[in-house]
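Next come the chains, spelled out residue by residue.
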Amino acid sequence: MYKYVRSDLAVELNEDVEDNSLDNGIILKTKILADCKIKETIIEIVNEKGEKLLGKPQGVYITLEGDDLNEFDESIHKSFVKVLSNNLKKLIKDSKKILVIGLGNRQITPDSLGPLVVDNLYITRHLITEGIVDDSIEISAISPGVMAQTGIESKEVLNALCSKIKPDIIIAIDALAAREPSRLGRTIQICDTGISPGSGVGNDRAKLDYNTLGVKVIAIGVPTVISVPAIVNQAVERMMDFFISKPCGDSFELTEEEKYNLSCNFLDDNLITMFVTPKNADEMVKKVSYTISEAINSFLEL
C-alpha cells in the first residue's frame, strides 16, 4: 500500500497480495464463529517471501472482527472475551509470569487503549511476592507513557523492568491504524512478533520484541484511527467502480497507484498526514479496552 494509506492490520495488507499461489509464504485460515458472529482470520507468515509480500515479520497474526464489538451488549462482550482469551492462551502457552504493557498516551482518546486496559487488570505479582496468594499466574503491568511525556523510549523502560522482574512473556497493548472505516473499534489483532509503538501514525519508536527485550512479546491492537488519504482513496475507488459499471466505463479505469495519486490531489498538504477517529472514540475505546482486560484477567481462572 502507499505511504499515507496506512494500515497496521495484516488482514488488510493481505487483501493487497496479488500472488495467491500456495508457496507465497502466507497461510490464510478464515472462519465465522456462528454462535457469536465473530469472524476469525489467522494469517501465518512462514518465510521471507511472505514477509516481503505483507511487509511484516514472520509469525502468526490473528484478527477478530465483529460489527457489535463496541456495542454495550453483555452477551457480545462475553463472546469476544472468550474468543480472545482462547487465542491468547494458545500464544502464551505455559507462561506463569506475565508483564502487561499499556502503550499509548491516556490524554489522547484514540491513543488511550493501552493505559485503559491496564487500569482494569487484576494485578497479582505483589500478592504472590508477599505470600498472600499461592498457585496463581503472576500478572504485573505498567503504562510507560509516550516519549513526548517522559523523554524515555518504551524499550528502555522495559529493558530495565525485564532485568528486574524477569517475566516469561510480555503482552503489549496499543492502538492501531486501519484503512477501512468499518474496522475502527470493531477489530482486534493479536500477533506474536512484537510491536513498534507509534508505527500506525508514522511515528515509529524502537521495536518491542524478543530481539530487543530478550522476552517474547505478544501484541494486541485495535484500530482507532484512519488516515485522511485512506478515506479519500476509498471514496475514489467507489466512484471509479460506479463509472466502470456504466457503458463506456473502461475509459475510467485506473491503476491502484493512479487512484492513490488522484486521492492525494484532492487534499491539501496538511491533510495528507492527518489521522481521524470516530466521534464516539471515547466510548469505543472504553468498551474494547474492557473486553481486552477481561480476556487477560481470565488467565487467573486457569
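You'll find the structure just up there.
Rules and cut-offs
Residues numbered from 1 in each chain as written. Predicted model: local features only at pLDDT ≥ 70, side-chain atom pairs only at ≥ 80, totals over all residues. Heavy atoms only, no water. Helix = DSSP H or I, 4+ residues; strand = E, 2+ residues; numbered from the N terminus. Buried < 20%, exposed > 50% of the residue type's maximum accessible area, 1.4 Å probe, protein only. Polar contact = N/O pair within 3.5 Å; in protein donor to acceptor, adjacent residues only side chain to side chain. Contact = heavy atoms within 4.5 Å. Salt bridge = Lys/Arg side-chain N within 4 Å of Asp/Glu carboxyl O. Pairing = 2+ DSSP bridges. Expected span 1.5 Å × (residues − 1).

1. A short note on the side chain of E40
Line of reasoning, step 1. For E40, the location among the structural elements is in strand 2 (residues 38-45).
Line of reasoning, step 2. By relative accessible area, which is 8% here, E40 ends up buried.
Line of reasoning, step 3. A polar atom in the side chain of E40 sits 3.1 Å from the side chain of N87.
Line of reasoning, step 4. Every residue in contact with E40, bar those within four places of it in the chain, is listed here: K29, T30, K31, L33, I62, T63, L64, V83 and N87.

2. Some points on the pattern of salt bridges
Line of reasoning, step 1. Within the structure shown, the criterion is met by nine salt bridges.
Line of reasoning, step 2. Salt-bridge contacts for E283 lead to K287; the nearest nitrogen and oxygen are separated by 2.6 Å. Highlighted residues: E283 and K287, both in helix 12 (residues 281-297), separated by four residues, approximately one helical turn.
Line of reasoning, step 3. A relative accessible area of 43% means that E283 is categorised as partly exposed.

3. Things to note about the pairing of strand 7 (residues 187-191)
Line of reasoning, step 1. Of all five residues making up strand 7, five are buried, and the element is well covered by its neighbours.
Line of reasoning, step 2. Burial along strand 7 is two-sided: the face carrying T187, Q189 and C191 and the face carrying I188 and I190 are both buried.
Line of reasoning, step 3. Of the strand pairs in this sheet, strand 3 (residues 59-65) and strand 7 are connected by five bridges, and their pairing is antiparallel. If you follow I62 over to strand 7, its bridge partner there is I190.

4. Side note on helix 12
Line of reasoning, step 1. Look at helix 12: 24 Å from first C-alpha to last across 17 residues, which is about the 24 Å you get at 1.5 Å a residue.
Line of reasoning, step 2. Most of helix 12 is tucked away, with 12 of its 17 residues classed as buried.
Line of reasoning, step 3. Along helix 12, the residues that are buried comprise A281, M284, V285, K287, V288, S289, T291, I292, S293, A295, I296 and N297.

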